[in-house]
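Each chain, letter by letter, is given below.
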Amino acid sequence: MALTAGTAAPAFTTKDTNGNSVSLADYAGKTVVLYFYPKDDTPGCTKEACSFRDNYSAYQGKDIAVFGVSGDDESSHQDFTSKFNLPFPLLADVDHSLMKAYDVDGGGYAQRVTYVINGQGQIDKVYTSVNTDTHATDILADLGL
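Read on for a plain summary of the structure.

Definitions and limits used
- Residues numbered from 1 in each chain as written.
- Predicted model: local features only at pLDDT ≥ 70, side-chain atom pairs only at ≥ 80, totals over all residues.
- Heavy atoms only, no water.
- Helix = DSSP H or I, 4+ residues; strand = E, 2+ residues; numbered from the N terminus.
- Buried < 20%, exposed > 50% of the residue type's maximum accessible area, 1.4 Å probe, protein only.
- Contact = heavy atoms within 4.5 Å.
- Areas by Shrake-Rupley, 256 points an atom, 1.4 Å probe, with all protein chains shown as cover.
- Lys, Arg positive; Asp, Glu negative; His and termini not counted.
- Charge placed at Lys NZ, Arg CZ, Asp CG, Glu CD.
- Pairing = 2+ DSSP bridges.
- Axes fitted to C-alpha atoms, helices over the stretch in contact; angles between N-to-C directions.
- Right-handed = clockwise from strand over helix to strand, strands pointing away.
- Arc of directions from axis to C-beta.
- Polar contact = N/O pair within 3.5 Å; in protein donor to acceptor, adjacent residues only side chain to side chain.

## Some remarks on the overall build of the chain
Logical step 1: Broken down by element type, the chain carries four helices and seven strands.
Logical step 2: For the chain, the spread of C-alpha atoms along the three principal axes comes to 35 × 30 × 30 Å.
Logical step 3: Here the chain holds 145 residues, and 46% of them are scored as buried.
Logical step 4: The contacts in the chain between residues at least 6 apart in sequence include a share of 66% that link residues at least 24 apart.
Logical step 5: Accessible area of the chain: about 6600 Å², with a carbon and sulfur share of 46%.
Logical step 6: Put simply, the chain has 10 plus and 19 minus side-chain charges, and the middle of one group is 3 Å from the middle of the other.

## Regarding the sheet that holds strand 6 (residues 113-117)
Each strand in a sheet pairs with its neighbour through backbone hydrogen bonds, running either in the same direction (parallel) or in the opposite one (antiparallel).
Logical step 1: Strand order in the open sheet made by the seven strands is 2-1-5-4-3-6-7, with mixed pairing throughout. Of all the strands in the sheet, just strand 2 (21-23) and strand 7 (123-127) have a single pairing partner and so form its edges. Going across the sheet, the axis of each strand differs from the next one's by a mean of 30°, ignoring polarity.
Logical step 2: Of the strand pairs in this sheet, strand 3 (residues 31-36) and strand 4 (residues 64-70) are connected by six bridges, and their pairing is parallel. Directly across from phenylalanine 36, in strand 4, lies its bridge partner valine 69.
Logical step 3: Against the sheet, helix 2 (residues 74-84) engages strand 1 (13-16), strand 4 and strand 5 (90-92), with an angle of about 160° to strand 5.
Logical step 4: Docked against the sheet, helix 4 (residues 135-142) engages strand 3, strand 6 and strand 7, running at close to 145° with respect to strand 7.

## Points about the pairing of strand 4
Logical step 1: Counting buried positions along strand 4 yields seven of seven residues, so the element is predominantly enclosed.
Logical step 2: Where burial is concerned, the two faces of strand 4 agree: the one with Ile64, Val66, Gly68 and Ser70 and the one with Ala65, Phe67 and Val69 are both buried.
Logical step 3: Between the parallel pair strand 3 and strand 4, the chain is carried across by helix 1 (residues 43-59), and the sense of this crossover is right-handed.
Logical step 4: Examined bridge by bridge, strand 4 and strand 5 share three bridges and lie parallel to one another. What sits directly across from serine 70, in strand 5, is alanine 92.

## Here's the deal with helix 2
Logical step 1: Every buried residue of helix 2 is accounted for by His77, Phe80, Thr81 and Phe84. Across the axial projection of helix 2, the buried residues extend over an arc of 100°, all falling on one side. Along helix 2, exposed side chains directed more than 90 degrees from the buried face belong to Asp79, Ser82 and Lys83.
Logical step 2: Where the residues of helix 2 are buried, they touch helix 1, strand 4 and strand 5.
Logical step 3: The opening residue of helix 2 is aspartate 73, an N-cap whose side-chain oxygen sits 3.3 Å from the backbone nitrogen of serine 75.
Logical step 4: Among the residues trailing helix 2, asparagine 85 stands out with phi positive, at a value near 50°.

## Quick notes on unusual backbone geometry
Logical step 1: For histidine 96, which is not a glycine, the phi torsion comes out positive at approximately 65°.
Logical step 2: If you trace the backbone, histidine 96 turns up in the loop between strand 5 and helix 3 (97-101).
Logical step 3: By relative accessible area, which is 15% here, histidine 96 ends up buried.
Logical step 4: Non-glycine residue aspartate 103 carries a positive phi angle of around 55°.
Logical step 5: Structurally, aspartate 103 can be placed in the loop between helix 3 and strand 6.
Logical step 6: On the accessibility criterion, aspartate 103 (35% relative accessible area) is partly exposed.

Given below as structure tokens:
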């Protein structure tokens, strides 16, 4: 069962596509779109990532950070990012600590759930039913952008 809107987003620190350390605290004051997906370079996950890629410019300049999260390692994320020209970082959750903290562990892979976290670290919106083709624009519409 995913976390609910109105609760504090669990703090985290993990590595991104390029091995850089990323913490939720680094984005205080900004909106964070944290989308969990099962696996790199699979049909639904590719559609979802490309939805964010194709609409990424609408997120830029609005203090919104987008992160994809799966249990894949940095090397897999690098290949996926390169193959589909993803302009945002993917977070490597190889120990599944983020999946567990955000209650999206699907038994070895992440369930497809997205959290919109406000600048104060509170979860504003939870998406447990995702249309992978339109997810990025659905979020933008909900944010009034």
